[in-house]
Amino acid sequence: MIPLIEKDSLEQIKNFQEQKLAELLQYISQNSPFYKRLFAEQNIDISKIKTLEDLQHLPVTTKEDLQEYNDDFLCVSQNKIIDYASTSGTLGDPVTFGLTDSDLDRLAYNEAISFACAGITEGDVVQLMTTIDRKFMAGLAYFLGLRKLKVGVIRVGAGIPELQWDSILKYKPSYLITVPSFLLKLIEYAEAHGIEYNNSSIKGAICIGESLRNQDFSMNILSNKITEKWNIKLFSTYASTEMSTAFTECEHGVGGHHHPELIIVEVLNENNIPVKDGEIGELTFTTLGIEAMPLLRFKTGDIVQLHNSPCACGRNTLRVGPVVGRKKQMIKYKGTTLYPPAMNDVLSGFDNIENHIIEISTNDLGTDEIVIKIAVKNQSSEFLQEIKDHFRAKLRVTPKIEFASKETLNPLVFNPMSRKPIRFFDYRV
């Protein structure tokens, strides 16, 4: 189930997107209070925007714009809104998104072709191990996409390894949709209760919320720890509520595939200019085909690299590499630039660590200070030194590391009000 446009030439894809861009600009200039006002204030003539390169002449949209003018982005009357979703609020106040009936159809289409990209087909059974409530767009999107693919869905929800295994053994799903670190909990539970997990029905897992790969697409420590024990295929995804679109890996595992019929992608530098091929920058997108809340040049805050070579799966679309980090979470520490994912990856290599958080603050000199708090099975000064040596070897710097109890860290990481684990706490001025 590869949409024909994803096999088209790059020139055909570009022509298609430029036509859709013109339609979008007409639509938002007529229906979006926010963009109507923005175009008027900045004297923007949308008729002059004819190519993807012309996007550079348009202003970007930021998360702060969405937070401050949330309702002004709505292009339809309230009676057309069928579903209300919200962002997770990881980097600020949550933003509400309304979706029309048409938007829900688009959401289902996006997930159907994304899951098909990962090899899920009609007749499979999939265990959904994420919440579908709390205005979580992704949980609803997964269900709608699987339904469109004519796939059986077991809506177990998040957490509780015992309940997950009860469903796996009873209904025999072939795929799981989950946060990858939770797969380690499933393995741990199975080993403690004599469940032969490598003889189970599970063939693969669609993984959300955490990275599986290094920048060269090799498996990172987390994915290696999973697959060294459990012989299943892991597929990485990248998505956000704002884009209502997913980038999902195919079986070749070389980045999340772009769906050009749904979204225009740019990677921008600090001056909102596209970076050169192969360089990293901030992922910025323009949505296509959204009726209620389309976005123009929306800056995600995520630092990524795009890959343009054709994929062995037959798609010619660009691919998004693993997220390097979030722009707002960038840390300058002792002359080195760090992002939390790199520190998480170092800590994932130690089986003795049961949980951890990373705290960033501003010290008396006005520079960034890092404190990592870890809950471990066995505390020792030797183990603390081993972690510090590993940080120095991998990241060239050693942050302050403290022992803490699981009882202290678990409520912070697994906050019941959050839809995903929280390990990064930014207290900088």
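Anything mentioned here points back to the structure above.
Structural notes, computed from the coordinates. Please read all numbers here as calculations on a predicted model, not as lab measurements. (Residues numbered from 1 in each chain as written. Predicted model: local features only at pLDDT ≥ 70, side-chain atom pairs only at ≥ 80, totals over all residues. Heavy atoms only, no water.)

So, the layout of surface pockets
Just so we agree on the cut-off: Residues are said to line a cavity or pocket when one of their atoms sits within 4 Å of a point; the points come from a 1 Å grid over protein atoms alone, cavities being sets where a 1.4 Å probe fits but cannot get out and pockets being open sets with protein on both sides within 12 Å along at least five of seven lines. Grid points are joined across faces, edges and corners, and a volume is the space filled by probe spheres set on the points. Secondary structure is summarised from DSSP: a helix means a run of H or I of at least four residues, a strand means a run of E of at least two, and numbering begins at the N terminus for each. We call Asp, Glu, Lys and Arg charged. Ala, Val, Leu, Ile, Met, Phe, Trp, Tyr, Cys and Pro are nonpolar, and the rest, Gly among them, are polar.
For the second largest pocket, the calculated volume is near 730 Å³. As for the second largest pocket, its lining consists of 24 residues, and the residues nearest its centre are Leu52, Val265, Leu306, Asn308 and Leu318. Of all the secondary structure elements, the ones that give two or more residues to the lining of the second largest pocket are α1 (10–31) and β10 (263–268). Residues that form the lining of the second largest pocket fall into these classes: eleven nonpolar, seven polar and six charged.

Some thoughts on helix α4 (residues 101–117)
Let me state the cut-off plainly: In this analysis, the expected span of each helix is defined as 1.5 Å times one less than the number of residues it contains. To sort residues, take the accessible area from a 1.4 Å probe on protein chains only and compare it with the maximum for the residue type: under 20% means buried, over 50% means exposed, and anything in between is partly exposed.
The first and last C-alpha atoms of α4 sit 25 Å apart over 17 residues, in line with the 24 Å expected at 1.5 Å per residue. With respect to burial, α4 is a largely interior element, 13 of its 17 residues being buried. The first or second residue beyond α4 is glycine 119, which carries a positive phi of 100°.

Section: empty space enclosed by the protein
Applying the stated criterion across every chain yields a total of one cavity of 30 Å³ or more. In this structure, the largest cavity spans a volume of roughly 70 Å³. In this structure, the largest cavity is lined by Phe97, Gly98, Leu99, Asp103, Arg106, Met137, Glu242, Ser244, Ile290 and Met293. Broken down by secondary-structure element, the contributors of at least two residues to the lining of the largest cavity are β2 (96–99) and α4. If one sorts the elements of the lining of the largest cavity by residue count, β2 sits on top with three residues.

With respect to the side chain of glutamine 305
This is how it is decided: Counted as a polar contact is a pair of N or O atoms within 3.5 Å, where, for protein atoms, one must be capable of donating a hydrogen and the other of accepting one, and residues adjacent in sequence contribute only when both atoms are in side chains.
Residue placement: glutamine 305 occurs in strand β12 (residues 298–307). Taking the relative accessible area as the measure of exposure, glutamine 305 reaches 17% and is therefore buried. Reaching out from glutamine 305, the side chain makes a polar contact with the backbone oxygen of glycine 278 at a distance of 3.2 Å.

Topic: the environment of isoleucine 221
You can see isoleucine 221 is positioned in helix α8 (residues 221–227). Taking the relative accessible area as the measure of exposure, isoleucine 221 reaches 26% and is therefore partly exposed. In sequence terms isoleucine 221 and aspartate 345 are 124 residues apart; their C-alpha atoms lie 6.2 Å from each other.

On their own, these measurements won't tell you what the molecule is for.
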